Amino acid sequence: MSARYTFTLESQERRRPLPRKIIIAQNETETIAHVGLKFIAFLLFARERLQIEPRLHNENIPFVPDLVQLDYELRPALWVECGECSLAKLDKLAVKAPEAQIWAVRRSLDEAEQLRLGMEKHELRRGRYGIVGLDAAFFEEVCSHICERNSVTWMAGNFETPAMQFDFNGLWFDTPFTVLRH
């Protein structure tokens, strides 16, 4: 089953302007959790030219990112993978997108830690990756309230003191998250 979810966005944080609306498609093989991860990652990494699942017209990069920001020469400056992603793919991304910040967003701290341990075990390049581990209970609650049309008011959030605050469909969320580096 494929579906489309509309998120009407508003930001109360002047340094984080958000587009008025985003649409996230749920492909046949994806769960609502993957939609939730892309939605939360979009809020966390919001910046100009951030795109959701664009087709890159670069024959050297055979992957479709969950989120990407391209620089003015259409090279990835930021690449975000949401949910499951193979270590082989992450390793290839470090080579194929050498200038990009590469991030993985996971639904729990446990999943984030497992990814970091896998990166160490398989000796992925150090200093190339960031991993966001969300609070599992927070994530499950957000996913349970995703509907066809959604309303979001972003209040605050940053990576220095990893936390975010926003109103989602009339519910208030104030939650920390964990940032790991590899």
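Anyway, here's the lowdown on the structure attached to this text. These numbers were taken from a predicted model, which means no experiment stands behind them.

### Concerning the sheet that holds strand E2 (residues 21–26)
Item 1. Read from one edge to the other, the open sheet built from 10 strands follows the order E2-E1-E8-E9-E10-E7-E6-E5-E4-E3, with strand pairing classed as mixed. Edge strands, defined here as strands with exactly one partner in the open sheet, are E2 and strand E3 (50–52). The mean inter-strand angle of the sheet, taken between neighbouring strand axes irrespective of direction, is 25 degrees.
Item 2. Across five bridges, strand E7 (residues 129–134) lies against strand E10 (residues 171–181) in antiparallel orientation. Each residue of the ladder has a partner; that of Val132, found in E10, is Val179.
Item 3. Together, strand E5 (76–82), strand E6 (101–106) and E7 form the strand contacts of helix H2 (residues 87–96), whose direction differs from that of E5 by roughly 175 degrees.
Item 4. Taken strand by strand, helix H3 (residues 109–121) contacts E6, E7 and E10, and its axis lies near 155 degrees from that of E7.

### Notes on the packing of helix H1 (residues 32–44) against helix H4 (residues 136–144)
Item 1. Running from N to C, H1 and H4 cross one another at 105 degrees; their axes reach a closest spacing of 9 Å. In terms of orientation, H1 and H4 fall into the roughly perpendicular class. Contacts between H1 and H4 involve Ile32, Ala33, Gly36, Leu37, Phe39 and Ile40 on the former and, on the latter, Phe138, Phe139, Val142 and Cys143.
Item 2. Class assignment of the residues belonging to the contact of H1 with H4 gives a composition of nine nonpolar, one polar and no charged.

### Considerations on H4
Item 1. When H4 is considered as a whole, its buried residues turn out to be Phe138, Phe139, Val142 and Cys143. Take H4 and look down its axis: the buried residues cluster within an arc of 130 degrees, on one side only. Exposed residues lying more than 90 degrees from the buried face of H4 are Ala137, Glu140 and Ser144.
Item 2. Close packing links the buried residues of H4 with H1, E7, strand E9 (163–168) and E10.
Item 3. The N-cap of H4, judged by a side-chain oxygen 3.3 Å from the amide nitrogen of Ala137 a few residues on, is Asp135.

Procedures and definitions
- Residues numbered from 1 in each chain as written.
- Predicted model: local features only at pLDDT ≥ 70, side-chain atom pairs only at ≥ 80, totals over all residues.
- Heavy atoms only, no water.
- Pairing = 2+ DSSP bridges.
- Helix = DSSP H or I, 4+ residues; strand = E, 2+ residues; numbered from the N terminus.
- Axes fitted to C-alpha atoms, helices over the stretch in contact; angles between N-to-C directions.
- Contact = heavy atoms within 4.5 Å.
- Parallel < 35°, antiparallel > 145°, perpendicular 65-115°, else oblique.
- Nonpolar A, V, L, I, M, F, W, Y, C, P; charged D, E, K, R; others polar.
- Buried < 20%, exposed > 50% of the residue type's maximum accessible area, 1.4 Å probe, protein only.
- Arc of directions from axis to C-beta.
- Polar contact = N/O pair within 3.5 Å; in protein donor to acceptor, adjacent residues only side chain to side chain.

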